[in-house]
Amino acid sequence: MAKYGRILLKLSGESLMGGQQYGIDVNRLNSYAEQIKSVADMGVQISIVIGGGNIFRGLSGASKGYDRVKGDQMGMLATVINSLALSSALVAIGQKARVLTAIRMEPIGEIYSKWKAIESMENGEVVILSCGTGNPFFTTDTGSSLRGIEIEADVMLKGTRVDGVYTADPEKDPSAVKFESISYDEVYSRGLKVMDMTATVMCKENNLPIVVFDMDTPGNLERLMNGENIGTYVHA
Ligand code: UDP
């Protein structure tokens, strides 16, 4: 029996790039789809929020002169592109999947509601929640914590290319040490960039634990469901 009954999985847009500089690496996409299906096959209910940083970020657009709100809307549309790609990859391997959108855009996807998401998960569909929160000035990290809380997920799993939370950025500082677990408050007081602060505070206030783990190593998602102690557990 899986450790968690219902999960909210956050995948960054950037990780979808794989070895590329931009866009979607099909091998990475398919590897994610396989991992997600293997966990769905265990009976875990799964909702996924994907970022859009592999295509567009509102903040970097603003630095180039785009209006911030329009830039953020472009970023949200980027999450829709990634969501459609993932749902297509899942369906191709026989996993039912459904994209819901925080901004109305039928027929691309139905508008999100908590009830639709839960009903779909209960019917064995993987639900992909696109457009983040649907509002500018937010991120998909915040979208993930919001949706994770709404759909009553047992945990929010933040899949990244790093295998957990470190005292410093391990890609820059070789002396950085990994935390097995850490409290929300310590994340804040140490100024660690696990997720953006709004997202972390929302998880704290609503008691949604986070596991930060390396999603790029195939099998890790299944290991987490089997109760293996990988990644970093962020808790109250
Ligand atoms: N975005 C937004 N509101 C949201 C979620 C995302 O405006 O609720 C925009 C924002 O411009 C962001 C972009 O979409 O930069 C892509 O999301 P994010 O940067 O979180 O993607 P990731 O870093 O995970 O690839």
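Our structure's up above, just so we're on the same page.
An account of the accompanying structure is given in this report.

Conventions we followed
Residues numbered from 1 in each chain as written. Predicted model: local features only at pLDDT ≥ 70, side-chain atom pairs only at ≥ 80, totals over all residues. Heavy atoms only, no water. Salt bridge = Lys/Arg side-chain N within 4 Å of Asp/Glu carboxyl O. Helix = DSSP H or I, 4+ residues; strand = E, 2+ residues; numbered from the N terminus. Buried < 20%, exposed > 50% of the residue type's maximum accessible area, 1.4 Å probe, protein only. Near = heavy atom within 4 Å. Polar contact = N/O pair within 3.5 Å; in protein donor to acceptor, adjacent residues only side chain to side chain. Areas by Shrake-Rupley, 256 points an atom, 1.4 Å probe, with all protein chains shown as cover. 1 Å grid on protein atoms, 1.4 Å probe; cavity = no way out; pocket = protein on both sides within 12 Å on 5 of 7 lines; lining within 4 Å. Sits in = over half its atoms within 2 Å of the grid points. Expected span 1.5 Å × (residues − 1). Points joined across faces, edges and corners; volume = space filled by probe spheres on them. Nonpolar A, V, L, I, M, F, W, Y, C, P; charged D, E, K, R; others polar. Contact = heavy atoms within 4.5 Å.

1. Observations concerning the pattern of salt bridges
- For the coordinates displayed, the defined rule picks out 17 salt bridges.
- For the salt bridge of R161 with E171, the shortest nitrogen-to-oxygen distance reads 3.3 Å. Of this pair, R161 sits in the loop between β6 (155-160) and β7 (181-183) while E171 is found in the loop between β6 and β7, placing the two residues ten residues apart along the sequence.
- On the accessibility criterion, R161 (55% relative accessible area) is exposed.
- E171 sits in the partly exposed class, given a relative accessible area of 49%.
- Salt-bridge contacts for R190 lead to E186; the nearest nitrogen and oxygen are separated by 2.8 Å.
- Residue classification places R190 among the partly exposed residues on the basis of a relative accessible area of 44%.

2. Considerations on the site of the ligand
- The full set close to the ligand counts 21 residues, and R57, D72, T133, N135 and T140 are the nearest of them.
- The contact in question runs from an oxygen atom of the ligand to an N or O atom on the backbone of G58, over 2.8 Å.
- When the ligand sits alone it has 520 Å² of accessible area, and the protein chains cover 93% of it.
- Judged by the proximity of its atoms to the pocket grid, the ligand belongs to the largest pocket.
- No other element matches helix α3 (residues 68-92), which puts three residues into the shell around the ligand.

3. What to know about α3
- For α3, with 25 residues, the first-to-last C-alpha span of 36 Å sits near the 36 Å given by 1.5 Å per residue.
- Where α3 begins, the side chain of D67 points an oxygen toward the backbone nitrogen of V69, at a separation of 3.2 Å.
- One or two residues past the end of α3 sits G94, with phi positive at roughly 90°.

4. Focus: the layout of surface pockets
- For the largest pocket, the calculated volume is near 1,400 Å³.
- Lining of the largest pocket is provided by 46 residues; of these, R57, D141, K158, K193 and V194 occupy positions nearest its centre.
- Among the secondary structure elements, those contributing two or more residues to the lining of the largest pocket are α2 (58-63), α3, α5 (140-150) and β6.
- Counting residues per element, the lining of the largest pocket draws most heavily on α3, which supplies five residues.
- Partitioning the lining of the largest pocket into residue classes produces 15 nonpolar, 18 polar and 13 charged.

5. Quick notes on α5
- Taken across its eleven residues, α5 has eight buried, putting it largely inside the fold.
- Residues of α5 that are buried: T140, D141, T142, G143, S144, S145, R147 and G148.
- Tucked inside the fold, the buried residues of α5 contact β1 (6-11), β2 (45-50), α3, β5 (126-130), β6 and α7 (197-205).
- N-cap assignment for α5: the residue whose side-chain oxygen lies 3.2 Å from the backbone N of D141 is T139.

By themselves, these are just geometric observations and shouldn't be taken as functional.
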